[in-house]
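# Structural overview for review
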Amino acid sequence: MKKKLESFLVCADFSNDIPVLVVGTKVKNGINIINVFKGEEAEKLYQKLTVKKEDV
């Protein structure tokens, strides 16, 4: 993979029956949505991104 530095925006919405996690990048006139995760997959990914590991 080519070396580059990139930032991602992550939005998690757990206020409805189906949890949703959205990943995007900022572009000139808004946000470019890269991927959307729903349900259990969104919950697991949210945990991976937010729970600090002991070994870090």
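Going by the structure above, here's the rest.
Residues numbered from 1 in each chain as written. Predicted model: local features only at pLDDT ≥ 70, side-chain atom pairs only at ≥ 80, totals over all residues. Heavy atoms only, no water.

## With respect to the overall build of the protein chain
A tally of regular secondary structure across the protein chain gives one helix and three strands. Reading the secondary structure of the protein chain in the N-to-C direction produces β-β-β-α. The globule rule puts the C-alpha radius of gyration for 56 residues at 10 Å, and the 13 Å found for the protein chain is more than 25% above it. For the protein chain, with 56 residues in total, the buried portion stands at 16%. Within the protein chain, counting contacts between residues at least 6 apart in sequence, those at least 24 apart form 15% of the total. As presented, the protein chain carries roughly 5400 Å² of accessible surface, and 54% of it is formed by carbon and sulfur atoms. For the protein chain, the centre of its 10 positive side-chain charges and the centre of its 8 negative side-chain charges are spaced 14 Å apart. (Helix = DSSP H or I, 4+ residues; strand = E, 2+ residues; numbered from the N terminus. Rg over C-alpha atoms; globule rule 2.2 N^0.38 Å. Buried < 20%, exposed > 50% of the residue type's maximum accessible area, 1.4 Å probe, protein only. Contact = heavy atoms within 4.5 Å. Areas by Shrake-Rupley, 256 points an atom, 1.4 Å probe, with all protein chains shown as cover. Lys, Arg positive; Asp, Glu negative; His and termini not counted. Charge placed at Lys NZ, Arg CZ, Asp CG, Glu CD.)

## Regarding the sheet that holds strand β2 (residues 20–27)
The strand order β1-β2-β3 describes an open sheet built from three strands, whose pairing is antiparallel. If you trace the sheet from one side to the other, it starts and ends with β1 (9–13) and β3 (30–38), each paired once. Across this sheet, the average inter-strand angle for adjacent strands is 25°, counted without regard to direction. Two strands pair when backbone bridges link them, and β2 and β3 are joined in this way by eight bridges, in the antiparallel orientation. Within β3, the residue paired with V22 across the bridge is V36. (Pairing = 2+ DSSP bridges. Axes fitted to C-alpha atoms, helices over the stretch in contact; angles between N-to-C directions.)

## A word on the packing of aromatic side chains
Across all of its chains, the model carries one aromatic pair by this definition. With 5.0 Å between their ring centres and 70° between their planes, F14 and Y46 make a pair best called edge-to-face. Here Y46 lies in helix α1 (residues 39–50) and F14 lies in the loop between β1 and β2, a separation of 32 residues in the sequence. Here F14 falls in the partly exposed class, since its relative accessible area comes to 36%. Judged by relative accessible area, which is 31%, Y46 ranks as partly exposed. (Phe/Tyr/Trp six-rings, centres within 6.5 Å; stacked < 30°, edge-to-face > 60°.)

## Quick word on the side chain of T25
Looking at the element boundaries, T25 is found in strand β2. Once you skip the residues sitting within four places of it in the chain, T25 turns out to touch E6, S7, F8, L9, G30, I31, N32 and I34.

## A few points about a nonpolar patch on the surface
Judged by side-chain polarity, F8, V10, I34 and L49 come together as a nonpolar surface patch covering roughly 390 Å² of accessible area. By the element assignment, I34 lies in strand β3. (Patch = residues over 30% accessible without salt bridge, like charges linked within 9 Å, V, L, I, M, F, W, Y side chains within 5 Å. Salt bridge = Lys/Arg side-chain N within 4 Å of Asp/Glu carboxyl O.)

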